[in-house]
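Coordinate inspection notes
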Amino acid sequence: MRPRRSTWIWLGVLVAAEVTAFVLRRAGSDAGCFLKAVSVLAFTILFWRAAVFLFRLIIRRLSLRLAFSHFLIGIVPIPLTAALALAAGYIVAHQFVATRMRREMTALGLSALSSAPPPPRIALGDDGTVRSSGVSWLPAGAKAEWLRDLERPGFVEAEDDLWLAIPDGARAVRLVDLSAPEAPWTQRLADATGYEVELILGDASTENRGLHIETNDEEGGVKLRSKNRAPAAPPRRPHDLPTPGRGWANGEWIHAFYLETLANAAEAERKTGHNVAILKATTSPEIVVDQLFHQGVAGISRIFWVVFVIIAAMLLVVYLVAVAIAFVLVASIARNVNRLTRATQAVARGDFSVRVGSKSRDQIGDLARSFDGMADNIQGLLRQTAQKERLESEIAMARTIQHKLLPAPEASLTGLSILAHLDPVAEIGGDYYDYIAMPDGHTALLLGDVSGHGLPTGLLVAMAKAAVATLIESGHRGSELLARLNEVIHRSTDPRHFMTLCLLAYDSATRRGTLTNAGQLAPYRVSGDRVEPLALPALPLGLFPDRTFPSRDYAFSAGDLLVFYSDGFIEATNAADDPFGYERFEAALRRHGAEGAAAVRDAILAALAAHTGARPQDDDRTLMIVTLD
């Protein structure tokens, strides 16, 4: 594994940028932001590529890949789960501490009603105005509808001091000054809860990122803004409360906040900018756990810890056993894979005799046995490929011989000219065309089609051509010639292979011809714009012995075109399985018949291509056009 070329380029950019910056600093000049940005970009890219390179290097081998995947699945979730448990525990502890502070604060407020001297009392009228008041900041006659809506003890801010408003009967409220030094309510709250407690006034606002709180100092990233705040009061610890110390359990690092909207939030925010009261508590995990599990019997919480430790130990043991089993399985898999690797390398060198021979009953063993079977199959396929290559060579030679058996596609004979087109669908086609001079001076024009494709068809075509040439040289013609050819084909093959053949014996001196047909499509005579099929129905050759075939004489004119064709044109279909048909074939003859044989051939092929489109050819297509001079 080598670094890519672009990696070297980025390395060069980083070195060049650092060297340039060093030279500029030595010269007393500022390197500028551009060089710093280039260095940071190059370093970031190189760092990322180095990480990717190391990762690929680690997982290159299967054993390391399996071990790494096991590490990702089995090891990585442990710290993530621990972090999740720690976060969840901190949230639970925070909510527990905050809720207890609010509960104890409410209890202290209610106990203040019976204290001596009692807290100042505010009496309200029916219209929400103050009838009588014991505080200077809320005189009689002032509007205080917020006190009328008070249903439980709530916080009130006045003159940058925090008060606790406690309902006292119908339309009456007692106010407790939580910041008063002569009545240390903060200390009482700290003693009741066991936490270090601090009372803070703040401003809460909702922003796009959530709730934002401002006060007058920095506490964990929270800005504090109030002028007066009660100093933090550490609890006076009784004998049963743990003493703070060091470490994660005894250290006081849990900070909990209870926030409550001021009862007079609208007025307080308008005057001082405060709208929330904050009870801040600082304590240790040991105190929170002791309070969570505290019961009337001392030491009962230890039972929960013992159960927790036992379950954790059992999980750890089970996990270690699972890790050991996993690594044993990984080693087994890696060993079998290494054997497979060596075997595949041997096969790559051409040694197909190598076998893995694994006895494992798992999927790796199945893979090894599949490899052995594959090696056996490859050896067999190599032998079959050699045989197939020999067969293909013989088929190619047979195709060449077949093409040489057919006459030239263009020829000029006495009184006529010939233009032929042959398009086989397979290596060896089954269509056949020919023109042969007969002993009596006539010219034999032939077009035939053998059923099927491939080598048997080609052999039957070759046999038929040889038999036709022999029979013509022997003086046979017309119906007699096809009858003898029928006997030869019937004896030489089975009924699955038969042949259709059309024979026209043409006399150029008299422009007359004798047509004999054996199941082949009727040829067309094209004379000007007139298209005439020379229909002569009959059975194909080779189906039955002792058959006769009809013949008919025709008189032709100079300039006539005789069009012989195979069924590959008529039966060619398009994507909708619509055949080309006789109508389209005759239309091409009618439109272009007066333009000559080449124009007719090109028109038929163009019309056929437009009709079939991209659909593959499924039969041989042979066309022979004879022009009578």
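Residues numbered from 1 in each chain as written. Predicted model: local features only at pLDDT ≥ 70, side-chain atom pairs only at ≥ 80, totals over all residues. Heavy atoms only, no water.

Things to note about the overall build of the protein
For the protein, the count of helices and strands is 16 helices and 22 strands. Taken over C-alpha atoms, the radius of gyration comes to 53 Å for the protein, far larger than the 25 Å a tight globule of 629 residues would show. Dimensions along the principal axes, computed over C-alpha positions, put the protein at roughly 155 × 70 × 70 Å. Taken across its 629 residues, the protein has 40% of its residues classed as buried. Of the roughly 34900 Å² that the protein leaves accessible, carbon and sulfur atoms contribute 60%. Side chains of the protein carry 64 positive and 68 negative charges; the gap between the two charge centres is 8 Å. (Helix = DSSP H or I, 4+ residues; strand = E, 2+ residues; numbered from the N terminus. Rg over C-alpha atoms; globule rule 2.2 N^0.38 Å. Buried < 20%, exposed > 50% of the residue type's maximum accessible area, 1.4 Å probe, protein only. Areas by Shrake-Rupley, 256 points an atom, 1.4 Å probe, with all protein chains shown as cover. Lys, Arg positive; Asp, Glu negative; His and termini not counted. Charge placed at Lys NZ, Arg CZ, Asp CG, Glu CD.)

Details of a nonpolar patch on the surface
A surface patch of nonpolar side chains, amounting to about 580 Å² of accessible area, comprises W8, L11, V15, V19, F22 and V23. Position of V23 among the secondary structure elements: in helix 1 (residues 5-26). Residue V23 is classed as partly exposed on the basis of its relative accessible area of 47%. (Patch = residues over 30% accessible without salt bridge, like charges linked within 9 Å, V, L, I, M, F, W, Y side chains within 5 Å. Salt bridge = Lys/Arg side-chain N within 4 Å of Asp/Glu carboxyl O.)

Some words on the packing of aromatic side chains
When we look at a pair of aromatic rings, we describe it by the centre distance and by the angle of the planes. Overall, the coordinates contain 9 aromatic pairs when judged by the stated rule. Judged by centre distance (6.1 Å) and plane angle (20°), the ring pair of Y90 and W253 falls under stacked. Residue Y90 is located in helix 4 (residues 77-112), and its partner W253 is located in the loop between helix 7 (247-250) and strand 10 (254-261); the two are separated by 163 residues in the primary sequence. Residue classification places Y90 among the partly exposed residues on the basis of a relative accessible area of 28%. (Phe/Tyr/Trp six-rings, centres within 6.5 Å; stacked < 30°, edge-to-face > 60°.)

Thoughts on the pairing of strand 1 (residues 121-124)
Of the pairings in the sheet, the one linking strand 1 to strand 5 (residues 172-177) comprises 3 bridges and is antiparallel in character. Pairing of A123 across the sheet is with A172, part of strand 5. (Pairing = 2+ DSSP bridges.)

Some remarks on the sheet that holds strand 3 (residues 154-158)
Strand order in this open sheet of 5 strands is 2-1-5-4-3, and the pairing throughout is antiparallel. The outermost strands of the open sheet, each flanked by one partner alone, are strand 2 (130-132) and strand 3. Adjacent strand axes in the sheet meet at a mean angle of 40° when their direction is disregarded. As paired strands, strand 4 (residues 161-167) and strand 5 are joined by 5 bridges and run antiparallel to one another. Residue W163 lies in a different strand from strand 5, and its bridge partner there is D177. Sheet contacts for helix 4: strand 3, strand 4 and strand 5; angle to strand 4, the most-contacted strand, approximately 70°. (Axes fitted to C-alpha atoms, helices over the stretch in contact; angles between N-to-C directions. Contact = heavy atoms within 4.5 Å.)

What to know about the confidence of the model for the protein
A residue-level look at the protein finds 90% of positions with pLDDT of 70 or above and a mean pLDDT of 82. Here strand 9 (residues 222-223) stands out as the least confident element of the protein, with mean pLDDT 34; strand 21 (residues 561-565) is the most confident, with 95. Ignoring residues within four places in sequence, the model shows residues 217-228, a span with pLDDT below 50, making 34 contacts including any to other chains. (pLDDT = per-residue confidence, 0-100.)

Considerations on the pattern of salt bridges
Summed over the entire model, instances satisfying the criterion amount to 16 salt bridges. With a shortest N-O distance of 3.0 Å, R171 and D126 are connected by a salt bridge. Highlighted residues: R171 in the loop between strand 4 and strand 5 and D126 in the loop between strand 1 and strand 2, separated in sequence by 45 residues. For R171, a relative accessible area of 46% translates into the label partly exposed.

Concerning helix 12 (residues 455-473)
The terminal C-alpha atoms of helix 12, which comprises 19 residues, lie 27 Å apart, in line with the 27 Å expected from a rise of 1.5 Å per residue. Looking at helix 12, one finds that the buried residues are T457, G458, L460, V461, A464, K465, A467, V468, L471 and I472. Positive backbone phi, at 95°, marks G475, one or two positions downstream of helix 12. (Expected span 1.5 Å × (residues − 1).)

Things to note about the nonpolar core
Counting 46 residues, the largest nonpolar core has L485, L501, L541, F564, M624 and V626 as the members making the most contacts within it. In this structure L501 touches Y432, L446, L447, G448, V468, L482, L485, T516, N517, A518, Q520 and L541, once residues within four positions along its chain are discounted. Within the second largest apolar cluster, 32 residues are counted, among which are L108, A256, A277 and V288. (Core = buried A, V, L, I, M, F, W, Y, C linked by side-chain atoms within 4.5 Å.)

Description of the packing of helix 15 (residues 581-592) against helix 16 (residues 597-612)
Interhelical geometry of helix 15 versus helix 16 gives an angle of 145° and a closest axis separation of 9 Å. For helix 15 against helix 16, the interelement crossing comes out right-handed. From helix 15, R584, F585, A588, L589 and H592 reach across to helix 16, where they touch A599, V600, A603, I604 and H611. Its residues assigned to classes, the contact of helix 15 with helix 16 comprises 7 nonpolar, 2 polar and 1 charged. (Left-handed = near helix turned anticlockwise from the far one by under 90°. Nonpolar A, V, L, I, M, F, W, Y, C, P; charged D, E, K, R; others polar.)

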